[in-house]
Amino acid sequence: MTGESATRSGWPATRPPRVAVPAISLLAAVAAAAALATLGLLGGGSAPAPAAPGVVALRVSSGHGIATGFAVAGRRVVTVAHVLDGPVTVGGRRGRVLRVDRRSDLALLSAPGVHADAPDIASAATNEHLRVIRLRAGGPSSLSVHVRRSIVAHLRAAGAAHSVARPALELSARIAPGDSGAAVVSDRGALAGVVFAASRNRPDTAYAVDAMAVRHLLRPR
């Protein structure tokens, strides 16, 4: 993927800035750490905010890591690729990896018993209000966020010779370990992105891969 415009796929006609984002934390986490972070964010006695209608958020586990996922049509679930490290469970049941897109950090899983419609996908504008559908206190919870800007994120994994570029959204959001893979939706319920990382230097900044990458992941092949 490049920073060039792609109006046919719904991306903005202007070129988003290219941004190197080395100081990030990928948010699939060890289960115990993620649970503690979630409790710390909620605080004592706080209740999760209602999630967006139609968004089915699910806990995804693989090896010692956990992430969030969301259901799409055909008993499938979208999550982040960086959580994959062995056998996969979705909502406590064994799942299967169908497709992986490492460049976009997305994975498509088969998840028996999961039912949802195909998501509407839409681009998000700068300053637009969105919601991150994460898991809190055993259920889905909606976090209110705003889009700071659309970017082309350049990331390099540890030990990798080259960086990868992906269209992304920079969000004003405080998110926790285990929130990677959470759906980012518009006020009308359309999918705008998928959370994949948080900034190490700015605790109120998170990154989501542009939902157009999800459209590509779900395309029949």
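That block above? That's the structure.
Residues numbered from 1 in each chain as written. Predicted model: local features only at pLDDT ≥ 70, side-chain atom pairs only at ≥ 80, totals over all residues. Heavy atoms only, no water.

Q: Even after reading the chapter, I still don't get the overall build of the protein chain, so can you show me in this structure?
A: Helix and strand content of the protein chain: two helices and 16 strands. Long-range pairs, those at least 24 residues apart, make up 62% of the contacts in the protein chain between residues at least 6 apart in sequence. (Helix = DSSP H or I, 4+ residues; strand = E, 2+ residues; numbered from the N terminus. Contact = heavy atoms within 4.5 Å.)

Q: Is there a simple way to think about the packing of aromatic side chains in this case?
A: Taken as a whole and judged by the stated rule, the model has one aromatic pair. Its end group placed over the ring of Phe 196, Arg 166 keeps NZ or CZ at 4.7 Å from the ring centre. (Phe/Tyr/Trp six-rings, centres within 6.5 Å; stacked < 30°, edge-to-face > 60°. Lys NZ or Arg CZ within 6 Å of the ring centre and 35° of its normal.)

Q: When you look at the pairing of strand β12 (residues 139–155) in this model, what are you seeing that I'm missing?
A: As a general feature of sheets, a regular strand has side chains that alternate between the two faces. Direction of pairing for strand β11 (residues 129–136) relative to β12: antiparallel, over a ladder of eight bridges. In the strand pairing of β12, Arg 136 is matched with Gly 139. The antiparallel hairpin formed by β11 and β12 contains two residues in its connecting segment, where Ala 137 sits at a positive phi of about 50 degrees. When β12 meets strand β13 (residues 164–172), the two strands line up antiparallel, connected through nine bridges. Its bridge partner lying in β13, Ala 153 is registered against Arg 166. (Pairing = 2+ DSSP bridges.)

Q: I'm lost on the pattern of salt bridges in this one. Help?
A: Working definition: two side chains of opposite charge can pair if their charged atoms are close together. Taken as a whole and judged by the stated rule, the model has four salt bridges. Asp 179 is the salt-bridge partner of Arg 136, the closest N and O atoms lying 3.0 Å from each other. Residue Arg 136 is located in strand β11, and its partner Asp 179 is located in the loop between β13 and β14 (183–186); the two are separated by 43 residues in the primary sequence. Taken individually, Arg 136 and Asp 179 each receive the classification buried, so the pair is uniform in this respect. When the shortest N-O distance is used, the salt bridge between Glu 170 and Arg 202 registers 3.5 Å. One end of the pair, Glu 170, is in strand β13; the other, Arg 202, is in the loop between β15 (191–199) and β16 (205–210), with 32 residues separating them in the sequence. Using a relative accessible area of 35% as the deciding quantity, one classes Arg 202 as partly exposed. Taken together, the shared-partner salt bridges in this structure form one network comprising Arg 149, Glu 170 and Arg 202. (Salt bridge = Lys/Arg side-chain N within 4 Å of Asp/Glu carboxyl O. Buried < 20%, exposed > 50% of the residue type's maximum accessible area, 1.4 Å probe, protein only.)

Q: Hey, could you run me through the nonpolar core in this one?
A: Taken as a class, soluble globular proteins show a tendency for nonpolar side chains to be buried jointly. One finds Val 77, Val 78, Leu 106, Leu 109, Leu 191, Phe 196 and Val 214 to be the most contacted residues of the largest nonpolar core, which totals 43 residues. Leu 169, Leu 171, Ala 198 and Ala 206 belong to the second largest nonpolar core, which has 17 residues in total. (Core = buried A, V, L, I, M, F, W, Y, C linked by side-chain atoms within 4.5 Å.)

Q: When you look at the environment of Val 90 in this model, what are you seeing that I'm missing?
A: Tracing the backbone shows Val 90 in strand β7 (residues 88–90). Since its relative accessible area comes to 5%, Val 90 is described here as buried. Sequence-wise, Val 90 and Arg 76 are 14 residues apart; in three dimensions their C-alpha atoms are separated by 9.9 Å. For Val 90, the residues in contact, after removing those within four places along its chain, are Leu 58, Arg 59, Val 77, Leu 109 and Ala 111.

Q: Looking at this structure, I do not really get unusual backbone geometry. What am I missing?
A: Most peptide bonds adopt trans geometry, and most residues besides glycine take a negative phi value. Residues other than glycine seldom take positive phi values, yet Asn 127 does so here, at roughly 75 degrees. With respect to the helices, strands and loops of the structure, Asn 127 is situated in the loop between β10 (106–110) and β11.

Q: Would you mind going over the side chain of Arg 136 with me for this structure?
A: On the basis of relative accessibility, which here comes to 1%, the residue Arg 136 falls in the buried class. At 3.0 Å, the side chain of Arg 136 and the side chain of Asp 179 are in polar contact. (Polar contact = N/O pair within 3.5 Å; in protein donor to acceptor, adjacent residues only side chain to side chain.)

Q: What exactly am I supposed to notice about the pairing of strand β5 (residues 65–72) here?
A: The buried fraction of β5 is high, at eight of eight residues. Of the two faces of β5, both are covered, the one formed by Gly 65, Ala 67, Gly 69 and Ala 71 as well as the one formed by Ile 66, Thr 68, Phe 70 and Val 72. Linking strand β4 (residues 57–62) back to β5 in an antiparallel pair, the connection comprises two residues, with Gly 63 at a positive phi of about 60 degrees. With three bridges joining them, β5 and strand β6 (residues 76–79) adopt antiparallel strand pairing. Opposite Val 72, over in β6, you have Arg 76 as the bridge partner. Hairpin connection of β5 to β6: three residues between the antiparallel strands, including Gly 74 at a positive phi of 80 degrees.

Note that every value here comes from positions in space, so none of it alone points to a role or purpose.
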